[in-house]
Amino acid sequence: MIVHTSSFSNLERKTDPNPAMNNMATESTTILMTGSTGFIGKEAVKQLGDTEAQLLLLVRSESKARMVLNEYGVTDFSRITCIQGDLSAPGLGLTKADRERALQANIIIHAGGTMDVTLQPKVAEQIFMNGARGIVELAKDIQRIHRLRHFIHVVGFMSPYGRKDSPSISSANEDVGGKSNRQKSWISKAFHSESAYEHMKFEADRYIRQHAEQHSYVLSVVNPSTVVGPYPTGATEQTGGIGMMIQAMRRRRMPVIPGGLQHWLPLVSNDVVSQTLVFLTQDINPSGGTYPLLSKKSDSPDMKELIRLLAAELDVSAPRWSLPLSMIHAAMKAGGTKISGIPPESIAFITKQDFEVQQTEQLFQRMGQHLPEVSQLLPYVTADLDYRFSYPSQEEMPPGWTRTRKGNLAVLVHEGQGDPWVIVHGLMSSADDMIPLGDALWSMTGNPVWLVDLAGFGRSPVHRNRGKGMAFKGQVEAVRSVLDEVQGPVKLVGHSVGAAIAAMVIQESVREDIQFAMLQPVWGASKDRMQRLISRFPRRMLQGLLSWMTPQQVAEQLKRADASENNPILLDDYARRAASGLKSPRIAGVNADLLHWIQSHSANEVSQIRADAQRTLMVWGTNDQGYSRPENIHSSVQHVELPYGHQFPLFQAEETASLLVAWQMNRR
């Protein structure tokens, strides 16, 4: 298992961290951890699998926790023990036996708590304050029995405690953990948000700091800024925080820039947070401290620049004017939430503070790293969140498949032996739509299978080549970046316009170890008059038309273009997914770009030389009524016909796979 360094530059990723700079623990380590199934916790458990530590995980359901961790890639549970409990319950809801088990720990990582900025005050207090009271009681008893080596608390970066000018953690009129004081401290007044979620987290921070001081155990407080997904995918399942902003922008409901040039949104990836936690657990003589996990404000984009970057990734127009956060918050409280679709608490993480990072810098120097910086990851985070909002009912990943990144694109990978199949989808599709074909190929051959999301489709960010008329070339460059990661022969398969993109990759490549299958290749104008007409519309107009398509309209278009009798369940499922995807301006925009290319490019733009053609198969469905068979196919290309329509690789996946496997067997 590898400890990733997700937010660092490529140069920094090559830096070999020097663990000798840490006072590595030599005594046995047993870690009691809360929040192990959360966004940060799962990654921390995964990384702790590289250590010799025994893990005691406080969970509400052992079966659910094991399932969640297993899906995240944690497969070895030999050093993991689940203890059933509940942060919101008195005494953490532990049985006597489980409490005795928890007392065996010599390190505590407290990272538990629901990520929900809209929590009601009573619920927030139950989760955060009850959890804090219960966990420090365990800490006190561990310290008394056999010494607590280290207490590590994870709390948001906006907490005012631990700074040079922070308020006192003690109160003469309030006992530790006392509930008598129900008035909000000055903390709440310092922010434009009235979030009970934030307030109770900070009160829990104050309380734990006070308890550690009174009972003399070492406390390290890790303050993550807004957390996004890890390197290399940026997969951000926690859709709060920056996700709320992306949701508003993709719906075109952010008319102004929150804050202005003085404001920023600090970000950090969950694998960097987890790497920090792992490093702290390995220190045998920890000194404690407060560690804000964020880059320097001077090195980060201000809100105007951040909104511009997000707008470019989401393919929407960026707002030009900014508005003070206090005014935005007041407007949202007065009913603006119904317009924007996001709660007023969502802007609580936008700040103009410049945080003290000296302790963090010293810690990261010991780790052999630099302060976290996520600019290179941000396009992938944006695409991933946009995908999640586009497909809210997306089912869990089928067994055997993992999401990763190859080159500049998001890719679904099924591991195997031998030369990989690399499959490129067509219009109104994504890598997920090719899973049935990928499953069939893997079952028949055992070879690795890579399902590619074209740039701007699925979970891939839009390509970098933004020049007018450069959309097709940008897709070609992106697919080439994927093939550059294959060291050896590869079986490249392209469907529809994906076949045209792959064919151009072959045309521009000097490699002789790529075998290529074109499934219903498209590089000529559609036979459908309506499609030819709308493909001439200006880009923004075409993007809008596509975004308004309903599942019924998509299904009707597919039926008009296909004389075959397709499985109505498969067709309706595909139409529903396609229409959902087109609600994303990003996905609708790249579909519009490729429709323009199909309509306007020269028929001779895509071609083959004899050497490439001899390694190429073309499969054509004769019932396709939407497109004509390309005329400039080289005579050396092997031809196969099927009695199906344009979408046969999706609707007849098993038969398509059998044909591809037979082609490979014949080549041998």
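First things first, this report covers the structure right here in the doc. All values reported here derive from a predicted model rather than from experimental measurement.

Topic: the environment of Trp-421
(1) Moving on: Along the polypeptide, Trp-421 turns up in strand β14 (residues 421-424).
(2) Moving on: Sequence separation between Trp-421 and Pro-489 is 68 residues; the distance between their C-alpha atoms is 9.7 Å.
(3) Moving on: Beyond its immediate sequence surroundings of up to four residues, Trp-421 is in contact with Leu-441, Thr-445, Asn-447, Pro-448, Val-449, Trp-450, Lys-491, Val-493, Leu-660, Trp-663 and Gln-664.
(4) Moving on: Of the polar contacts made by the side chain of Trp-421, one reaches the side chain of Thr-445; its length is 3.5 Å.

Regarding a nonpolar patch on the surface
(1) Moving on: Among the surface-exposed residues, Met-541, Leu-545 and Trp-548 lie close enough to one another that they form a single nonpolar patch of about 350 Å² accessible area.
(2) Moving on: For Leu-545, the position within the fold is in helix α18 (residues 539-547).
(3) Moving on: Overall, Leu-545 belongs to the partly exposed group, its relative accessible area being 31%.

Some points on the sheet that holds strand β1 (residues 30-34)
(1) Moving on: A sheet is described by the order of its strands in space; here seven strands give the open sequence β3-β2-β1-β4-β5-β6-β10, paired in parallel fashion. Looking at which strands have only one partner, the edges of the open sheet turn out to be β3 (80-84) and β10 (289-293). Between one strand axis and the next, the sheet turns by 15 degrees as a mean value, whatever way the strands run.
(2) Moving on: Across the sheet, helix α2 (residues 39-48) lies against β1, β2 (54-59), β3, β4 (107-110), β5 (150-154) and β6 (219-224), angled at about 165 degrees from β1, the strand it touches most.

Section: the side chain of Ser-535
(1) Moving on: The residue Ser-535 is located in the loop between α17 (529-534) and α18 in this model.
(2) Moving on: Within the structure, Ser-535 has its side chain in polar contact with the backbone oxygen of Gln-531 (distance 2.7 Å).
(3) Moving on: Apart from residues no more than four positions distant in its own chain, Ser-535 is found in contact with Leu-542, Leu-595, His-596 and Gln-599.

Brief notes about helix α14 (residues 435-445)
(1) Moving on: By the burial criterion, the buried members of α14 are Ile-435, Leu-437, Gly-438, Ala-440 and Leu-441.
(2) Moving on: Remark: Gly-446 follows α14 within two positions and exhibits a positive phi of approximately 75 degrees.

Things to note about the pairing of β3
(1) Moving on: Direction of pairing for β2 relative to β3: parallel, over a ladder of five bridges. Looking across to β3, one finds that Val-59 is bridged to Gln-84.
(2) Moving on: In this view, the connection linking β2 to its parallel neighbour β3 by way of helix α3 (residues 62-71) has right-handed handedness.

What to know about the pairing of β6
On a regular strand, each side chain points to the face opposite its neighbour's, so the side chains alternate between the two faces of the sheet.
(1) Moving on: For β6, a buried count of six out of six residues is recorded, marking the element as mostly surrounded by other parts of the structure.
(2) Moving on: Where β6 and β10 come together, five bridges link them in parallel fashion. Residue pairing in the sheet places Asn-223 in a bridge with Pro-292 of β10.

Examining the packing of aromatic side chains
The relation between two aromatic rings is expressed through the spacing of the ring centres and the mutual angle of the planes.
(1) Moving on: Within this structure, the stated rule accounts for six aromatic pairs.
(2) Moving on: Summarising the aromatic geometry, the rings of Phe-157 and Phe-355 are spaced 5.4 Å apart at their centres and angled 55 degrees between planes, so their arrangement reads as tilted. Here Phe-355 lies in the loop between α11 (325-340) and α12 (358-367) and Phe-157 lies in the loop between β5 and α6 (186-189), a separation of 198 residues in the sequence.
(3) Moving on: A residue is classified by how much of its surface remains accessible, and Phe-157, at 3% relative accessible area, is buried.
(4) Moving on: Accessibility expressed as a relative area gives 10% for Phe-355, which makes it buried.
(5) Moving on: For the ring pair Phe-472 and Trp-597, a centre distance of 3.9 Å and an interplane angle of 0 degrees mean the geometry is stacked. Residue Phe-472 is located in helix α15 (residues 471-483), and its partner Trp-597 is located in helix α21 (residues 585-600); the two are separated by 125 residues in the primary sequence.
(6) Moving on: The exposure class of Phe-472 is buried, given its relative accessible area of 4%.
(7) Moving on: Taken together, the ring pairs connect Phe-157, Trp-264 and Phe-355 into an aromatic cluster.
(8) Moving on: Note that Lys-46 overlies the ring of Tyr-72, its terminal NZ or CZ placed 5.2 Å from the centroid.

Cut-offs applied
- Residues numbered from 1 in each chain as written.
- Predicted model: local features only at pLDDT ≥ 70, side-chain atom pairs only at ≥ 80, totals over all residues.
- Heavy atoms only, no water.
- Helix = DSSP H or I, 4+ residues; strand = E, 2+ residues; numbered from the N terminus.
- Contact = heavy atoms within 4.5 Å.
- Polar contact = N/O pair within 3.5 Å; in protein donor to acceptor, adjacent residues only side chain to side chain.
- Patch = residues over 30% accessible without salt bridge, like charges linked within 9 Å, V, L, I, M, F, W, Y side chains within 5 Å.
- Areas by Shrake-Rupley, 256 points an atom, 1.4 Å probe, with all protein chains shown as cover.
- Salt bridge = Lys/Arg side-chain N within 4 Å of Asp/Glu carboxyl O.
- Buried < 20%, exposed > 50% of the residue type's maximum accessible area, 1.4 Å probe, protein only.
- Pairing = 2+ DSSP bridges.
- Axes fitted to C-alpha atoms, helices over the stretch in contact; angles between N-to-C directions.
- Right-handed = clockwise from strand over helix to strand, strands pointing away.
- Phe/Tyr/Trp six-rings, centres within 6.5 Å; stacked < 30°, edge-to-face > 60°.
- Lys NZ or Arg CZ within 6 Å of the ring centre and 35° of its normal.

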